[in-house]
Amino acid sequence: MPSLKVLSRKKELLTGGHRLCAGCGASIIVRQVLMAAEDPVVMSSATGCLEVATTIYPFTAWRIPWIHCAFENSASTLSGVEAAYRSLKRQGKIDRTIKFIAFGGDGGTYDIGLQALSGVLERGHNLLYICYDNQAYMNCLSTSSLIMTEDGVKRITEVKEGDEVYAFDQRTYQLVLKKCSGVFDNGIKDVYELTTLHHSIKATANHPFLVLKRNGRGKKNNFVWQTISEMKTGDEIVVLKNLDEGESFKFDFNKVKKGDYKVNRSKNFLIDNKYFEIEKVRDIKLVGPEPTLDLRVEGEHNFIADGIVVHNTGIQRSSATPEGAATTTSPVGKAIPEGKQRPRKDLTRIAAAHDSPYVAQANPAYYNDLIKKVRKALSTEGPTFINILSPCPRGWRHDPSLSIQIAKLAVSTGVWPLYEVEKGQYRVTYRPKKRHPLREWLESQGRFRHLLRPENKGIMERLEKQVEEKEKSLLALAGEETSA
Amino acid sequence: MGRIVGLTGDEATAEAMRQINPDVVAAYPITPQTETVQRFSEFVAEGIVATEMVRVESEHSAMSACVGAAAAGARAMTATSANGLALMWEICYIAASYRLPVIMAVVNRALSGPINIHCDHSDSMGTRDAGWIQIYSENCQEAYDNLIQAVRIAEEEKVRLPVMVTFDGFIISHAMERVEILEDDEVSQFIGKYKNAYSLLDVDSPVTYGPLDLYDYYFEHKRQQIEAIEISPEVIQKIGREFKDLSGRYYDLMGSCHLEGAELVIVAAGSTAGTVESVVDELREKGEKVGLLKIRIFRPFPAKQIAEALRGVRAVAVLDRSVSFGAQGGPIFLEIRSALFDEIKPPAVVNYIYGLGGRDIGVDEIERVYKNLERIAHTKKVDELVGYLGLRE
Ligand code: SF4
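Owing to the predicted nature of the structure, the values given are computational and were not obtained by experimental measurement. (Residues numbered from 1 in each chain as written. Chains lettered and ligands numbered in written order. Predicted model: local features only at pLDDT ≥ 70, side-chain atom pairs only at ≥ 80, totals over all residues. Heavy atoms only, no water.)

(A) Structural detail: the side chain of Thr380(A). Along the chain, the position of Thr380(A) falls in the loop between helix 8 (367–379) and strand 19 (384–389). Filtering out sequence-adjacent residues up to four positions away, Thr380(A) remains in contact with Asn126(A), Pro357(A) and Tyr358(A). (Helix = DSSP H or I, 4+ residues; strand = E, 2+ residues; numbered from the N terminus. Contact = heavy atoms within 4.5 Å.)

Take a look at the structure:
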């Protein structure tokens, strides 16, 4: 096989300028896959980051024929394309050799698209299905937003990881300083402008705000996080008092005392609160597509943008989300300290159980291995499947520059073993000399941070055990010895 | 020219499909469409069609595969009924918006729930806003003829839209009738070759299908889609005339009508139109001024032609074999009533919902409808805008 150096001279078939996040595994994977292909390729993609970020009309980043139909049917749509090819070829209407690759994220493959994938594998289409598995449903603030930090008000573009930003403590209703654990580029998205009496903020439709829910006379009021799309004018949201927008100022943090707020059941909920008050939403209107960013804040998961309390966005669990990962739909709490409670679905083995001629698991950090597998799959007659781990800095909560290092950790800690199943025969294609402790993998990403707490030691041990078991069963299938 | 055979509706459909010889058929069996898929599978097994048959695991995948195949420059067909069509719903919209000339036979069956396998029009009426051209057929002959014309309509350069040809489940799909079949080469000459200018298999000039289309373009694209379906009536008529030259059977936007001198008219779609026709013949012999207007093209709705055709009529009863829950009447009624709004002297219009879940409609019920129309024409009063035929109340 030619070296990566030689392969990289090939014309880029996914051009730059697409809007995938920096450090996104999906684009790295697509480039490696297209580098591997020797014949012309026709591709389909499921709805998801890869599709949305590469084809905002009238632009396309694809220099190959490409189709997106819906979320759950990348496999069946491409099966129609491949059937057309076979038919036209048989009728002598076409003579080129063309290869077919379907792409889907884990949501579009493990979950909603599983049936279509299974159908394609059973029917024996001559195509390769690739799942770019970022282990959750990934989905922000306009870059013009002003964020309250320890050093005064900053534009969101100037906030860096490690900066202390002000957040709203949901238990004491006070202003607290929290460390920012990441800034994420969300690409160009539709941005809405929400205005209250004293504030206005631009954010995407799925951005959560802290909304007051009045539960009626005699009942306790409470706060709920609601996205712009769920909100309407008249809703009451938590805002900062007397913020002089654009002006830099300091808060006297020490002055905050517990209990210096009063709940008034009929009127303003936060009456007498020194820093926060409630204002009614006056207007929500669409302003158009703008570059957007999001912050991740430790502990409170909220921060104050343009004087309004907002929450980090996105990231819902899928059946590919590993046990113990925190997502917005499997959050960490007192009752559920581990985040996601169920182990992930082992899709690679499900695909292999279809007796497909070639099934593999790959990782963009091991590009030689990945390219070899893609070549093997494309030269195999019949339906083939490769599951590729796809780092997602936004969802996994790590620095975009660390994507490949983290992908490597998945292999060295045994979380994502590299193997292939050829005509039913399992073979491990790369095996680290010594399996590293799972802790290294968990420490590398914010989504696992809670597992490092001493009280969660039991959970960590359980997960370590699972990796061990999984490795054992894989090695048994491959007829290899388990390491000492 | 042609030959006469006895075929059921499902068999006539399979026969038309054999002659069309599509490049790809992707289908999933569902009663009462099953016989079509089975018979066509036999053609594939015998090697008498060039078709690549994709035996999908669901109707959702059937329509997805048709979208893929049509985008790849293939002539793609499918057939379904009821819940199968409902499962396709999401992708039906996508096929139309990507301007792909997919052809689908819909064997009309009641939608669940509760589950029922017999005929009504709730399935195809449920997809009436999906952007497909819809052609309703009265009998096996029409199902056969319409399917062949559908290929030309769908593929016409300025139209490029999917077409649905419907006929009544069991009543037509499983009833043997006399059908005139064209010669194979006549059909293949009539439909010609399909050429998609934007094929996915043209790897030298890559195209992107299905990009993210936001508020800055989506609306314009929808407007183009409206334009395409609005232009289709003239194409449908042109192809109807060409088909007449070939077969001797003429098809217009409306089905064959008995409107000469008619004062009391029933509007109906599907097999019921045949029953109404026999009543019209009988009553006309007795000198009654009754008539029938048969719906053929429902999407796009030929409002102008229908309003013209009903000029001078005193009372109209629209028979709907489906319900639009909470609306002011059945789907056909809504269209007809709206089409008559600009008439200077519009006839009185009344709606009858009938035949849901396969409930039979008899000659006496239709005679009763004409009686009611007579009273309405006389009193110029519609007491009950929407009534039900053959319902126990
Ligand atoms: S959210 Fe994750 S998967 Fe989506 S583009 Fe960003 S990094 Fe990639």
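(B) Spatial organisation of the site of the ligand. In the neighbourhood of the ligand, the contacting residues comprise Leu20(A), Cys21(A), Cys24(A), Cys49(A), Asn134(A), Met138(A), Cys392(A), Pro393(A) and Arg394(A). In the shell around the ligand, the residues fall into seven nonpolar, one polar and one charged. (Near = heavy atom within 4 Å. Nonpolar A, V, L, I, M, F, W, Y, C, P; charged D, E, K, R; others polar.)

(C) Representation of unusual backbone geometry. In this model, Tyr57(A) is joined to Pro58(A) through a cis peptide bond whose omega is 10°. Here the amide bond leading from Ser112(B) into Gly113(B) is cis, since omega sits at 5°, within 30 degrees of zero. For Gly113(B), the position within the fold is in the loop between strand 5 (103–108) and helix 5 (122–126). With a phi angle near 60°, Arg397(A) is a residue other than glycine that sits in the positive phi range. Summarising the element assignment, Arg397(A) is placed in the loop between helix 9 (393–396) and helix 10 (403–412). Take Arg397(A): its relative accessible area is 16%, and that puts it in the buried class. Notably, Ala82(B) is not glycine yet its phi reads approximately 35°, a positive angle. Within the secondary structure, Ala82(B) sits in helix 4 (residues 82–97). (Buried < 20%, exposed > 50% of the residue type's maximum accessible area, 1.4 Å probe, protein only.)

(D) Examining helix 6 (residues 114–123) of chain A more closely. Ala116(A), Leu117(A), Gly119(A), Val120(A), Leu121(A) and Arg123(A) are the residues of helix 6 of chain A that are buried. Following helix 6 of chain A by one or two positions, Gly124(A) adopts a phi angle in the positive range, close to 80°.

(E) Just the sheet that holds strand 9 (residues 208–209) of chain B, in detail. Taking strand neighbours across the sheet as the criterion, the nine strands line up as 21(A)-20(A)-18(A)-19(A)-4(A)-3(A)-1(A)-2(A)-9(B) in an open arrangement whose pairing is mixed. In the strand order of this sheet, the two ends are held by strand 21 (425–430) of chain A together with strand 9 of chain B, each with one partner. Alignment of strand 20 (residues 418–422) of chain A against strand 21 of chain A, held across five bridges, turns out to be antiparallel. Across the sheet, Val421(A) pairs through a bridge with Tyr426(A), a residue of strand 21 of chain A. (Pairing = 2+ DSSP bridges.)

(F) Up close: the interface of chain A and chain B. Across the contact, 47 residues belong to chain A and 42 residues belong to chain B. Both sides of the chain A and chain B interface together cover about 3400 Å² of buried area, and 62% of this is carbon and sulfur. Three residues, Tyr57(A), Pro65(A) and Arg123(A), lead the burial of chain A against chain B; their summed loss comes to 17% of the area buried on that side. For the pair chain A and chain B, the number of links is five salt bridges. Arg90(A) is the salt-bridge partner of Glu52(B), the closest N and O atoms lying 2.5 Å from each other. Here chain A and chain B share 21 residue pairs in polar contact (both at pLDDT 80 or more) between them. Those elements that provide at least two residues to the side of chain A that touches chain B are helix 3 (49–54), strand 2 (66–68), helix 4 (74–90), helix 6 and strand 15 (283–297) of chain A. Among the elements that take part in the side of chain A that touches chain B, helix 4 of chain A stands out by supplying twelve residues, more than any other. Split into classes, the residues belonging to the side of chain A that touches chain B amount to 24 nonpolar, 14 polar and nine charged. For strand 2 of chain A and strand 9 of chain B, the ladder comprises two bridges, and the chain directions are parallel. Bridging from a neighbouring strand, Trp66(A) pairs with Thr208(B) of strand 9 of chain B. (Buried area = accessible area lost by both parts, 1.4 Å probe. Salt bridge = Lys/Arg side-chain N within 4 Å of Asp/Glu carboxyl O. Polar contact = N/O pair within 3.5 Å; in protein donor to acceptor, adjacent residues only side chain to side chain.)

(G) Representation of the environment of Leu474(A). All names here are of chain A. Residue position: Leu 474 is located in helix 12 (residues 457–478). A residue is classified by how much of its surface remains accessible, and Leu 474, at 4% relative accessible area, is buried. Leaving out residues up to four positions away in the same chain, Leu 474 has contacts with Arg 349, Pro 417, Tyr 419, Tyr 426 and Val 428.

(H) Broad picture of the nonpolar core. Of all hydrophobic cores here, the largest spans 96 residues; its most connected members are Trp441(A), Met63(B), Trp132(B) and Leu201(B). The element that contributes the greatest number of residues to this core is helix 3 (residues 59–71) of chain B, accounting for eight residues. The residues touching Trp132(B), leaving out its near neighbours within four places in the chain, are Met63(B), Cys92(B), Ala95(B), Ala96(B), Val102(B), Met104(B), Pro162(B), Val163(B), Met164(B), Ile229(B) and Arg299(B). Listed in part, the 52 residues of the second largest apolar core include Met77(B), Cys140(B), Ile172(B) and Ile181(B). (Core = buried A, V, L, I, M, F, W, Y, C linked by side-chain atoms within 4.5 Å.)

(I) Looking closely at the domain arrangement of chain A. All names here are of chain A. Taken domain by domain, chain A holds domain 1 (4–137 + 339–478) and domain 2 (141–311). With nine residues of domain 1 at the contact, the number on the domain 2 side is eleven residues. For the domain 1 and domain 2 pair, buried surface summed over both sides reaches about 820 Å², with 51% attributable to carbon and sulfur atoms. A per-residue breakdown of the area domain 1 buries against domain 2 is headed by Arg 19, Arg 394 and Arg 397, which together make up 61% of the total. At the junction of domain 1 with domain 2, the criterion picks out zero salt bridges. Seen at the junction of domain 1 and domain 2, the total is zero residue pairs in polar contact (both at pLDDT 80 or more). In the side of domain 1 that touches domain 2, the residues fall into three nonpolar, one polar and five charged. (Domains from an automatic or database assignment.)

(J) Local environment of empty space enclosed by the protein. All names here are of chain A. Taken as a whole, the largest cavity holds about 110 Å³ of empty space. Every residue lining the largest cavity is listed: Val 411, Gly 414, Pro 417, Leu 418, Val 428, Tyr 430, Arg 431, Pro 432, Arg 435, Glu 471, Leu 474 and Leu 475. Of all the secondary structure elements, the ones that give two or more residues to the lining of the largest cavity are strand 21 and helix 12. A breakdown of the residues in the lining of the largest cavity according to their chemical character gives eight nonpolar, one polar and three charged. If you add up the space inside the second largest cavity, you get close to 70 Å³. Around the second largest cavity, the lining residues are Ser 8, Lys 10, Lys 11, Glu 12, Leu 13, Leu 14, Val 30, Arg 31, Leu 34 and Met 35. A class-by-class count of the residues in the lining of the second largest cavity yields five nonpolar, one polar and four charged. (1 Å grid on protein atoms, 1.4 Å probe; cavity = no way out; pocket = protein on both sides within 12 Å on 5 of 7 lines; lining within 4 Å. Points joined across faces, edges and corners; volume = space filled by probe spheres on them.)

(K) Structural context of the pairing of strand 13 (residues 315–320) of chain B. Residues and elements named next belong to chain B. When you tally the buried positions in strand 13, you get six out of six residues, the bulk of the element. The two faces of strand 13 match: Ala 315, Ala 317 and Leu 319 on one face and Val 316, Val 318 and Asp 320 on the other face are all buried. Where strand 10 (residues 264–269) and strand 13 come together, four bridges link them in parallel fashion. Looking at strand 13, one finds that Val 265 is bridged to Val 316.

(L) Summary view of the packing of aromatic side chains. All names here are of chain A. Summed over all chains, the structure comprises 17 aromatic pairs over all chains. Centroid distance Phe 71 to Tyr 137: 6.3 Å. Interplanar angle 70°. Geometry classified as edge-to-face. Residue Phe 71 is found in the loop between strand 2 and helix 4, and its partner Tyr 137 is found in the loop between strand 4 (128–133) and strand 5 (141–142); the two are separated by 66 residues along the sequence. Assessed through its relative accessible area of 24%, Tyr 137 is described here as partly exposed. (Phe/Tyr/Trp six-rings, centres within 6.5 Å; stacked < 30°, edge-to-face > 60°.)

(M) Expanded view of the confidence of the model for chain A. Summary statistics for chain A give a mean pLDDT of 84 and a share of 87% for residues scoring 70 or more. Counting interchain partners and residues more than four positions distant, the pLDDT-below-50 stretch residues 243–269 of chain A has 67 contacts. (pLDDT = per-residue confidence, 0-100.)

(N) Spotlight on the domain arrangement of chain B. All names here are of chain B. Per the domain assignment, the segments making up chain B are domain 1 (3–247) and domain 2 (254–388). Using only C-alpha atoms to locate each centre, domain 1 and domain 2 end up separated by 28 Å. Of the residues lining the interface, 27 residues belong to domain 1; the matching set on domain 2 comes to 23 residues. For the pair domain 1 and domain 2, the summed buried area comes to about 2000 Å², and 55% of that belongs to carbon and sulfur atoms. Scanning the region where domain 1 abuts domain 2 turns up three salt bridges. Between Lys 294 and Glu 138 there is a salt bridge, with its nearest N and O atoms 2.6 Å apart. The tally of links between domain 1 and domain 2 comes to twelve residue pairs in polar contact (both at pLDDT 80 or more). Its residues assigned to classes, the side of domain 1 that touches domain 2 shows twelve nonpolar, nine polar and six charged.

(O) Examining the sheet that holds strand 5 of chain B more closely. All names here are of chain B. Spatially, 3-2-4-5-7-6-12 is the arrangement adopted by the seven strands of the open sheet, whose pairing is mixed. Only two strands of the sheet have a single neighbouring strand rather than two, namely strand 3 (52–54) and strand 12 (297–299). Sheet twist, expressed as the average angle between the axes of neighbouring strands with direction ignored, equals 20°. When strand 5 meets strand 7 (residues 163–168), the two strands line up parallel, connected through six bridges. Bridge pairing in strand 7 places Val 106 opposite Thr 166. (Axes fitted to C-alpha atoms, helices over the stretch in contact; angles between N-to-C directions.)

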